[in-house]
Amino acid sequence: MLQKTTDFVAPADIGAPDWPAPARAWATVLVLMAAYAVGFVDRQILTLLVEPLRRDLGISDTQFSLLSGLAFTLFYTLMGVPLAWLADRGSRRNLIMISIGVWSAMTAACGLASSFISLFAARVGVGIGEAGLSPAAYSLIADSFPPAKRARAMGVYAIGAITGVGMALIIGGAVIEWASTAPPVTLPVIGTLKSWQMAFIIVSLPGPVLILAMMFLREPARQGAGAAPSAPLAPYLRRRWVVFALLSAGYSLVGVAIAAYLTWAPAFLMRAHGWPVGKVGAVYGSILLVSSTAGVLIGGWWTDRFAAAGRKDAVLRVAIIGAVSAFPFALAAPLMKTGEMAAVMLALMCLGFGLTQGLPAVSFQAVTPNRVRARVIALYLLIGNIVAFTVGPTAVALISDHWLKDPRKIGVAVAVVTAVVLPLGVAALLAAIRPYVRAADEEIAQTSDH
């Protein structure tokens, strides 16, 4: 039976597919959220290690930005499309299990690196492994929930990213402080490990547990229009290129500001305010866990409420509100005279960005048939991650290294980048509203014809 994949029409309007039981659907979301969280711990732990890596490997801020952005993001995005092709045709659960194994092994390999090149190569491996998760996960979630309940489910999954970043900071800060006072750790064959190396190895350990949890999940039946054995991507892109381009541009540019702060806020607090690494991890990690998580939950709930009230632009309306509300606090944080005031600004900024962070996938789902869904999400992730996690961290580092020429002003560099990209992102999302609503209506009409 064909079922429309839109967030604006209840399944009762066009049929009654056999959705999984709510308990099983939410169990799937929670396991996927845990995988997303662990993946973000493994990718984001690096941001707390900027100072020991600069010291031990002799690298600049620009080189660090390449480790944080390009090394991970380039292969994460490039591999996302072929892996999404597999997700659209085969077992999404098995693909995720393999992905977890790869990225966990490569995270441990980061802990064995002894040079910029070897750490760069290991980060590439982490990116390749994580590329298989989100396209398959979004597809699984969309086939587990009716459209009217999908925004909240995807919002909960998105919380995994925020939880992962927060836990990376909290765990990483605690591990580094422990390792700095504990006796050196010496492992057979490997030898003596530094504190930053131990941090990588410790955060790689949950991988096998996640693989075991994935084994107990059942793959839901594919639902919706376009749930045929195969569907080419090119006709969809030709038909929807305007809305796809505007959504990708809007969310990607907002993502530049988010990625810049995720990467450089710990260094800003350490350099500008003299906070020790343990305090930075505890405070900024807690901000992400509380403020960003609250923002994502509110964003999903608010979107569903707007949609229930008949607002076909609900998801974009909430995304724009979130980005606009974060803007003043993002600019103010680096200008605060104390670390405590800067932390307050960061908390308010994260609440605003949180409203937006859980919504990109929901936006694309509303205008995407089932059998191209994972590839469309992967294509957006390719664009969005290259733009956000390459441009964001590296633009900040270049401004810091070559314009400001003062590592203590890294927060000012983040504010400069944010002041440029965030208004452009909001403008693109505003421009997307009309073609987005039209595309959603056309998808509804096409489904009704079936």
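Residues numbered from 1 in each chain as written. Predicted model: local features only at pLDDT ≥ 70, side-chain atom pairs only at ≥ 80, totals over all residues. Heavy atoms only, no water.

Caption draft 1: Region of the structure containing the overall build of the protein. Of regular secondary structure, the protein possesses 16 helices and 2 strands. In summary, the protein has a C-alpha radius of gyration of 21 Å against a globular reference of 22 Å for 450 residues, a match within 12%. Each of the three principal axes of the protein carries a C-alpha extent, and together these read 65 × 50 × 35 Å. Scored against the burial criterion, the 450 residues of the protein give a buried share of 60%. Here the analysis covers contacts within the protein between residues at least 6 apart in sequence; of these, 84% occur between residues at least 24 apart. Surface exposure of the protein reaches about 16,400 Å², of which carbon and sulfur atoms provide 70%. Between the averaged position of the 33 positive side-chain charges in the protein and that of its 21 negative side-chain charges there is a distance of 2 Å. (Helix = DSSP H or I, 4+ residues; strand = E, 2+ residues; numbered from the N terminus. Rg over C-alpha atoms; globule rule 2.2 N^0.38 Å. Buried < 20%, exposed > 50% of the residue type's maximum accessible area, 1.4 Å probe, protein only. Contact = heavy atoms within 4.5 Å. Areas by Shrake-Rupley, 256 points an atom, 1.4 Å probe, with all protein chains shown as cover. Lys, Arg positive; Asp, Glu negative; His and termini not counted. Charge placed at Lys NZ, Arg CZ, Asp CG, Glu CD.)

Caption draft 2: Spotlight on empty space enclosed by the protein. Applying the stated rule across the entire model yields 4 cavities of 30 Å³ or more. Here the largest cavity defines a volume of roughly 640 Å³. Along the walls of the largest cavity sit 36 residues, with Y36, F40, I258, Q357 and F389 positioned nearest its centre. With 8 residues, the top contributor of residues to the lining of the largest cavity is helix α10 (residues 233-273). Taken together, the residues of the lining of the largest cavity break down into 27 nonpolar, 8 polar and 1 charged. If you add up the space inside the second largest cavity, you get close to 50 Å³. (1 Å grid on protein atoms, 1.4 Å probe; cavity = no way out; pocket = protein on both sides within 12 Å on 5 of 7 lines; lining within 4 Å. Points joined across faces, edges and corners; volume = space filled by probe spheres on them. Nonpolar A, V, L, I, M, F, W, Y, C, P; charged D, E, K, R; others polar.)

Caption draft 3: Up close: the environment of V165. Along the chain, the position of V165 falls in helix α7 (residues 150-181). Taking the relative accessible area as the measure of exposure, V165 reaches 4% and is therefore buried. Taking C-alpha positions, V165 is 8.1 Å from L289, a pair spaced 124 residues apart along the chain. Setting aside its immediate chain neighbours within four residues, V165 contacts F40, Q44, L262 and L288.

Caption draft 4: Quick peek at unusual backbone geometry. The residue K405 is not glycine, and still its phi comes out positive at about 55°. By the element assignment, K405 lies in the loop between α15 (370-404) and α16 (410-449). Residue K405 is classed as exposed on the basis of its relative accessible area of 64%.

Caption draft 5: Fine view of the packing of aromatic side chains. All told, the structure shown has 12 aromatic pairs when counted by the stated rule. Ring geometry for Y36 against Y157: centres 4.4 Å apart, planes inclined by 5°, an arrangement best described as stacked. Taken together, the positions of Y36 in helix α1 (residues 22-44) and Y157 in helix α7 put the pair 121 residues apart, joining distant regions of the chain. Here Y157 falls in the buried class, since its relative accessible area comes to 0%. Consider the rings of Y251 and Y380, whose centres lie 6.4 Å apart with planes at 75°: the pair is edge-to-face. Here Y251, found in helix α10, pairs with Y380, found in helix α15; they are 129 residues apart in sequence, far enough to count as distant. The exposure classification of Y251 matches that of Y380, with both residues buried. (Phe/Tyr/Trp six-rings, centres within 6.5 Å; stacked < 30°, edge-to-face > 60°.)

Caption draft 6: Quick look at the pattern of salt bridges. Under the criterion given, the structure shown has 10 salt bridges. Two residues, D56 and R55, come together in a salt bridge whose shortest N-O distance is 3.1 Å. Judged by its relative accessible area of 58%, R55 is exposed. R92 is paired through a salt bridge with D143; the nearest N and O atoms lie 2.7 Å apart. Here R92, found in helix α4 (residues 92-110), pairs with D143, found in the loop between α6 (134-142) and α7; they are 51 residues apart in sequence, far enough to count as distant. (Salt bridge = Lys/Arg side-chain N within 4 Å of Asp/Glu carboxyl O.)

Caption draft 7: Inspection of helix α12 (residues 314-332) at higher detail. The terminal C-alpha atoms of α12 lie 29 Å apart, and with 19 residues this matches the ideal 27 Å at 1.5 Å per residue to within 8%. For α12, the principal kink sits at A326 and spans about 30°; a proline, P328, occurs within the next four residues. Residues A314, V315, L316, V318, A319, I320, G322, A323, A326, A330 and A332 constitute the buried set of α12. (Expected span 1.5 Å × (residues − 1). Bend = angle between axes of the 7 residues up to and from the residue.)

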